[in-house]
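Chain by chain, the residues:
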Amino acid sequence: MPAMPESIAAALPEVAVLDGSMGRLLLNLGLPSDGVLWSARALVDEQYHNMVVDAHAKYIAAGADAITTNNYAVQPCYYRKAFGDEWEEKLKAHSQLAAKLARKARDGSGRPEVKIMGCLPPLVESHRPDLTEDAYLREGQAFFAKAYDTICEALGEDVDFFLAETMGTEQEMLCAVRAAAKHRKPVVVAMAAALRNRELQAVPARAAAVVEFVLQEVEQGRADIPTLCFNCGSPEACTQAVVEAIPAAMRQRLRDAKVALGVYANLNAGVEKRQAAGFDPSKQRTTDGGKPSKIARREDMTDSMLRSLCDEWTGLGITRIGGCCGSTPDDIAVIAAKLKPAK
């Protein structure tokens, strides 16, 4: 394989602020709820394209050093339901559009140093490793590899690096990583922090195995992975994955391999219970059969709590911090002010 280019991600500050939830923010800005397309509704309907640009711009203005393209819901599971036989064509077009809208936001922000992360989403359902494993057996490794290759190709022109986001299984993560490597761009790996098994039980000890997979890809020169994140778990689950499950010697290997650690937590209420029950789109609808409503945020997730979490995480050697579900630009502004106080 050709040598990887020098990691663009290395250009991030030593301590970097990631962005927050696009889905929550788009709903706050007026995007209609959609239980099939979710946040991809803002890509499908042209009238919401400027809303996506505005959402990215708000995170940049809040202090984010990196923003993520709004194609998390642009994936086969949802697109087959929404578009039938046209799903592949639509997936490619909307992934490409998501990257261009992110670039438009950065170009107009006055902060050209902000990096754009191209999202490589779960291809089935988030937090459902059981369904992902079943699909992997049914569809085959080639299907996963082709899907990620298509997304990488669509995003590639306008992103600085890729983000394999909320990965639930090692197999899916490796498919995403190798697709990114094929396109000769760095890829940040973000594992779903609870690291659930087929029974949807949290298994924090899996973090050590994930780290070994990441290190093998990096140490053998197969991929450029500048950061390993744990995301979309409660702040406590994110901390547990890093602190309790990764041995000190393995953390040293990560440092030697120049792989930073990151977290961006889910700030919503009841996240562990909801994930353990198994994500099911039908359960997200209102009791009267209407469209999905926003999930309540944790009441204790105040500015003071966010600052305390930043202290805790940076004390553990975590240098990439942002927000996941439930977070907003206000939260990112708090994190940025804490991590990068004005001089």
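Residues numbered from 1 in each chain as written. Predicted model: local features only at pLDDT ≥ 70, side-chain atom pairs only at ≥ 80, totals over all residues. Heavy atoms only, no water.

Trainee: Provide a residue-level description of the overall build of the protein chain, including the pertinent values.
Mentor: Helix and strand counts for the protein chain stand at 14 helices and eight strands. For the protein chain, buried positions account for 57% of its 343 residues. If you sum the accessible surface of the protein chain, you get close to 14,100 Å²; carbon and sulfur atoms cover 51% of it. Each charge class in the protein chain was averaged separately, 41 positive and 45 negative side chains, and the resulting centres sit 1 Å apart. (Helix = DSSP H or I, 4+ residues; strand = E, 2+ residues; numbered from the N terminus. Buried < 20%, exposed > 50% of the residue type's maximum accessible area, 1.4 Å probe, protein only. Areas by Shrake-Rupley, 256 points an atom, 1.4 Å probe, with all protein chains shown as cover. Lys, Arg positive; Asp, Glu negative; His and termini not counted. Charge placed at Lys NZ, Arg CZ, Asp CG, Glu CD.)

Trainee: Give a description of the nonpolar core that names residues and reports values.
Mentor: Counting 98 residues, the largest nonpolar core has Tyr-79, Leu-120, Tyr-148, Met-173, Met-191, Leu-228 and Phe-230 as the members making the most contacts within it. With residues near it in sequence (within four places) discarded, Tyr-79 still touches Leu-37, Ala-40, Val-44, Ala-73, Val-74, Gly-84, Trp-87, Lys-90, Leu-91 and His-94. Counting 13 residues, the second-largest nonpolar core is a separate cluster that includes Ala-16, Leu-18, Cys-232 and Tyr-264. (Core = buried A, V, L, I, M, F, W, Y, C linked by side-chain atoms within 4.5 Å. Contact = heavy atoms within 4.5 Å.)

Trainee: Quick one: what's the story with the packing of aromatic side chains, residue by residue and with numbers?
Mentor: Evaluated as defined, the whole model comprises four aromatic pairs. Clustering of aromatic rings is evident, with ring pairs tying together Trp-87, Tyr-136, Phe-143 and Phe-144. (Phe/Tyr/Trp six-rings, centres within 6.5 Å; stacked < 30°, edge-to-face > 60°.)

Trainee: Give me the lowdown on the pairing of strand β3 (residues 115-120), citing residues and values where you can.
Mentor: Most of β3 is tucked away: six of the six residues are buried. The alternating pattern of β3 places Lys-115, Met-117 and Cys-119 and Ile-116, Gly-118 and Leu-120 on opposite faces, both of which are buried. Where strand β2 (residues 66-68) lies against β3, three bridges are found, and the strand directions are parallel. Along β3, the bridge assignment pairs Thr-68 with Met-117. Examined bridge by bridge, β3 and strand β4 (residues 161-167) share four bridges and lie parallel to one another. Opposite Leu-120, over in β4, you have Ala-164 as the bridge partner. (Pairing = 2+ DSSP bridges.)

Trainee: So, the packing of helix α4 (residues 76-83) against helix α5 (residues 87-107): which residues are in play, and what are the values?
Mentor: Where α4 contacts α5, the two axes come as close as 9 Å, and the packing angle between them is 120°. One finds that α4 runs oblique with respect to α5. Note on packing geometry: the crossing formed by α4 with α5 is right-handed. Contacts between α4 and α5 pair Pro-76, Tyr-79, Arg-80 and Phe-83 from the former with Trp-87, Lys-90, Leu-91 and His-94 from the latter. (Axes fitted to C-alpha atoms, helices over the stretch in contact; angles between N-to-C directions. Parallel < 35°, antiparallel > 145°, perpendicular 65-115°, else oblique. Left-handed = near helix turned anticlockwise from the far one by under 90°.)

Trainee: Just give me the short version of the pattern of salt bridges, but keep the residues and values in it.
Mentor: The final tally for this structure, using the stated rule, is 26 salt bridges. One salt-bridge network, in which partners are shared between bridges, spans Asp-65, Arg-111, Glu-113 and Lys-340. (Salt bridge = Lys/Arg side-chain N within 4 Å of Asp/Glu carboxyl O.)

Trainee: I'd love a proper account of helix α6 (residues 129-139), names of residues and values included.
Mentor: The set of residues buried in α6 consists of Pro-129, Asp-130, Thr-132 and Ala-135. Contacts from the buried residues of α6 go to α7 (141-155) and α8 (170-182). Just past α6, the residue Gly-140 takes up positive phi, approximately 95°.

Trainee: Summarise the packing of α7 against α8; cite the residues concerned and give the values.
Mentor: Running from N to C, α7 and α8 cross one another at 45°; their axes reach a closest spacing of 9 Å. Relative to α8, α7 is oriented oblique. Judged by the sense of rotation from one axis to the other, the crossing of α7 with α8 is right-handed. Here Gln-141, Phe-144, Ala-145, Tyr-148, Asp-149 and Cys-152 of α7 lie close against α8, whose contacting residues are Glu-172, Cys-175, Ala-176, Ala-179, Ala-180 and Lys-182. The residue inventory of the contact of α7 with α8, partitioned by class, reads eight nonpolar, one polar and three charged. (Nonpolar A, V, L, I, M, F, W, Y, C, P; charged D, E, K, R; others polar.)

Trainee: Would you mind going over the side chain of Asp-149 in detail, with residue names and values included?
Mentor: Within the fold, Asp-149 resides in helix α7. Judged by its relative accessible area of 18%, Asp-149 is buried. Reaching out from Asp-149, the side chain makes a polar contact with the side chain of His-183 at a distance of 2.7 Å. If near-sequence neighbours (up to four positions away) are discounted, Asp-149 is found in contact with Ala-179, Lys-182 and His-183. (Polar contact = N/O pair within 3.5 Å; in protein donor to acceptor, adjacent residues only side chain to side chain.)

Trainee: Describe in detail the confidence of the model for the protein chain, supporting the description with residues and values.
Mentor: In the predicted model, the protein chain carries a mean pLDDT of 92, and the fraction of residues at 70 or more is 92%. Under a pLDDT of 50 for its full length, residues 1-5 has, in the predicted model, twelve contacts with residues more than four places off or in other chains. Taken together, the stretch residues 285-290 has pLDDT below 50 and engages in six contacts with residues farther than four places along the chain or on a different chain. (pLDDT = per-residue confidence, 0-100.)

Trainee: Lay out the state of the cysteines in plain terms, naming residues and giving numbers.
Mentor: Tallied over the entire structure, the rule returns zero disulfides. Free cysteine: Cys-152, not disulfide-bonded; nearest cysteine sulfur from Cys-119 at 11 Å. When its relative accessible area of 1% is taken as the criterion, Cys-152 is described as buried. Of all cysteine sulfurs in the structure, the one in Cys-238 sits closest to Cys-229, which takes part in no disulfide; the separation is 9.3 Å. Exposure remark for Cys-229: the relative accessible area of 1% places this residue in the buried category. (Disulfide = S-S within 2.5 Å.)

Trainee: I'd like a description of unusual backbone geometry, backed by residues and values.
Mentor: Comment: phi is negative for the bulk of residues other than glycine, and the bulk of peptide bonds are trans. Look at Trp-38: it is not a glycine, yet its phi comes out positive at around 55°. Topologically, Trp-38 is positioned in the loop between α1 (22-29) and α2 (41-44). With a relative accessible area of 22%, Trp-38 lands in the partly exposed category. We note that Lys-258 has phi near 60°; this positive angle belongs to a residue other than glycine. If you trace the backbone, Lys-258 turns up in the loop between α11 (248-256) and β7 (260-265).

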